[in-house]
Amino acid sequence: MGLLTQILTLPLAPVRGTVWVLERVVETAEQEYYDPAPVERELAALERALLAGQIDEETFDRREDELLDRLDEIRAHSARNGQ
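If you're wondering where the values come from, they're calculated on a predicted model, not measured in any experiment. (Residues numbered from 1 in each chain as written. Predicted model: local features only at pLDDT ≥ 70, side-chain atom pairs only at ≥ 80, totals over all residues. Heavy atoms only, no water.)

Take the pattern of salt bridges next. According to the stated counting rule, one finds six salt bridges in the structure shown. With a shortest N-O distance of 3.9 Å, Arg24 and Glu23 are connected by a salt bridge. For Arg24, a relative accessible area of 29% translates into the label partly exposed. With a closest N to O distance of 3.6 Å, Arg24 and Glu27 form a salt bridge. Note that Arg24 and Glu27 are positioned in helix α2 (residues 13-33) at a spacing of three residues, about one turn of the helix. Residue Glu27 is classed as partly exposed on the basis of its relative accessible area of 38%. Among the ionic contacts, a cluster of salt bridges with common partners joins Glu42, Arg62, Arg63 and Glu66. (Salt bridge = Lys/Arg side-chain N within 4 Å of Asp/Glu carboxyl O. Buried < 20%, exposed > 50% of the residue type's maximum accessible area, 1.4 Å probe, protein only. Helix = DSSP H or I, 4+ residues; strand = E, 2+ residues; numbered from the N terminus.)

Have a look at this one:
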């Protein structure tokens, strides 16, 4: 940008700054949402709970299906974005 453009768009600087911050927040939130590690840890904890007798087979199956669906969603997102 030239000096004249910077001077003329100076009143928009707070808006550009806000947009930049919001973009970083969304980026960070997406990284956390599409991180498979917490889902994998929850699957392991679920299996430990089943083996320890803390949950029944039906609860395990239902929750395992939910977590595996979530992992499929994460993997599909990663494949679409080339990660």
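As a further point, take a nonpolar patch on the surface. Residues Leu12, Val15 and Val19 make up a contiguous nonpolar surface patch of about 250 Å² in total accessible area. As for its placement among the helices and strands, Val15 is situated in helix α2. In this structure Val15 comes out as partly exposed when scored by relative accessible area, which is 48%. (Patch = residues over 30% accessible without salt bridge, like charges linked within 9 Å, V, L, I, M, F, W, Y side chains within 5 Å. Areas by Shrake-Rupley, 256 points an atom, 1.4 Å probe, with all protein chains shown as cover.)

Moving on, we get to the confidence of the model for the protein chain. Per-residue confidence for the protein chain gives a mean pLDDT of 91, with 98% of residues at or over 70. Taken element by element, the predicted model of the protein chain shows its lowest mean pLDDT in helix α1 (residues 3-8) (80) and its highest in helix α3 (residues 36-51) (97). (pLDDT = per-residue confidence, 0-100.)

On to the nonpolar core, then. Of all hydrophobic cores here, the largest spans seven residues; its members are Val39, Leu43, Leu46, Phe60, Leu67, Leu71 and Ile74. Breaking this core down by element, the ones donating at least two residues are α3 and α4 (57-80). In terms of residues, this core owes the most to one element, α4, which gives four residues. Those residues in contact with Leu71 that lie beyond four places of it in its chain are Pro36, Val39, Glu40 and Leu43. (Core = buried A, V, L, I, M, F, W, Y, C linked by side-chain atoms within 4.5 Å. Contact = heavy atoms within 4.5 Å.)

Close contact between α3 and α4 brings their axes to 10 Å; oriented N to C, the two are set at 165 degrees. Comparing the axis directions of α3 and α4 gives the class roughly antiparallel. Read as a crossing pair, α3 and α4 show a hand that is left-handed. Contact residues: Pro36, Val39, Glu40, Glu42, Leu43, Leu46, Glu47 and Leu50 in α3; Glu57, Phe60, Arg63, Glu64, Leu67, Leu68, Arg70, Leu71, Ile74 and Arg75 in α4. Residues that form the contact of α3 with α4 fall into these classes: ten nonpolar, no polar and eight charged. (Axes fitted to C-alpha atoms, helices over the stretch in contact; angles between N-to-C directions. Parallel < 35°, antiparallel > 145°, perpendicular 65-115°, else oblique. Left-handed = near helix turned anticlockwise from the far one by under 90°. Nonpolar A, V, L, I, M, F, W, Y, C, P; charged D, E, K, R; others polar.)

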